[in-house]
Amino acid sequence: MAGLGEGFAAFWRERHLCTLTTVRPDGTPHVVPVGVTLDLRTGIARVITSRGSHKARLVAGAGPEGAAVAVCQVDGRRWSTLEGRAVIRDEPEEVADAERGYAERYRPPRPNPQRVVIEIRVTRVLGNA
């Protein structure tokens, strides 16, 4: 991801509302607004959410190989979509790390003892950011 340039990196540091698309068991898309953080070094995007949310249940239900997902953000003519495989992380250190990243990009998240992380290993990048 380092080769995508500083414009791309800056776009993913700016505060933008994103969407997360998962796939329901019947094959239809489930699209919801989320905050996303991206670690350019590791190629991992993260979404914090509640364990019982529909998006978390869809990802967890995909099993250990993960669920195919996409996250997207748009700002006028600039846009970027990250596709990849998502899994649920609920280890306290993983959740705390994701909360720190979220606080840097957005604002400190409200306390949530049921928080988990949707961790996306990015496999494809689209856009013009």
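Residues numbered from 1 in each chain as written. Predicted model: local features only at pLDDT ≥ 70, side-chain atom pairs only at ≥ 80, totals over all residues. Heavy atoms only, no water.

Another aspect to go through is the overall build of the chain. Along the chain, the regular secondary structure elements total three helices and seven strands. Order of helices (α) and strands (β) in the chain, N terminus to C terminus: α-β-β-β-β-α-β-β-α-β. Expected size for 129 residues packed as a compact globule is a radius of gyration near 14 Å; at 14 Å, the chain falls within 12% of this value. Referenced to the eigenvectors of the C-alpha coordinate spread, the extents of the chain come out at roughly 35 × 35 × 25 Å. In the chain, which comprises 129 residues, the proportion classed as buried is 40%. Pairs at least 24 residues apart make up 69% of the contacts formed inside the chain by residues separated by at least 6 positions. One way to put it: in the chain the 19 positive side-chain charges average out to a point 5 Å from where the 15 negative ones average out. (Helix = DSSP H or I, 4+ residues; strand = E, 2+ residues; numbered from the N terminus. Rg over C-alpha atoms; globule rule 2.2 N^0.38 Å. Buried < 20%, exposed > 50% of the residue type's maximum accessible area, 1.4 Å probe, protein only. Contact = heavy atoms within 4.5 Å. Lys, Arg positive; Asp, Glu negative; His and termini not counted. Charge placed at Lys NZ, Arg CZ, Asp CG, Glu CD.)

Here we come to the nonpolar core. In terms of nonpolar packing, the biggest core is built from 26 residues, with Trp12, Leu20, Val36, Val71, Leu82 and Ile120 touching the most fellow members. Going through the elements one at a time, helix H1 (6-13), strand S1 (18-23), strand S2 (29-34), strand S4 (44-50), strand S5 (67-75), strand S6 (78-89), helix H3 (92-105) and strand S7 (115-127) are the ones with two or more residues in this core. Ranked by the residues each element gives to this core, the list is headed by S7, at four residues. Those residues within four positions of Leu20 in sequence are excluded, and the remaining contacts are His30, Val31, Val32, Val34, Lys55, Val69, Ala70, Val71, Ile118 and Ile120. (Core = buried A, V, L, I, M, F, W, Y, C linked by side-chain atoms within 4.5 Å.)

What follows covers the pattern of salt bridges. Applying the stated criterion to the full structure yields nine salt bridges. Across the salt bridge formed by Arg78 and Glu14, the nearest N and O atoms sit 2.7 Å from each other. Of the two residues, Arg78 sits in strand S6 while Glu14 sits in the loop between H1 and S1, which places them 64 residues apart along the sequence. Here Asp90 ties to Arg51 by a salt bridge, and the two come within 3.4 Å at their closest N and O atoms. Residue Asp90 is located in the loop between S6 and H3, and its partner Arg51 is located in the loop between S4 and helix H2 (54-61); the two are separated by 39 residues in the primary sequence. A relative accessible area of 40% places Asp90 in the partly exposed class. Here the residues in one salt-bridge network are Glu14, Asp75 and Arg78, joined through shared partners. (Salt bridge = Lys/Arg side-chain N within 4 Å of Asp/Glu carboxyl O.)

Once that is clear, we can look at the side chain of Asn112. Inspection of the secondary structure puts Asn112 in the loop between H3 and S7. Within the structure, Asn112 has its side chain in polar contact with the backbone nitrogen of Gln114 (distance 2.8 Å). (Polar contact = N/O pair within 3.5 Å; in protein donor to acceptor, adjacent residues only side chain to side chain.)

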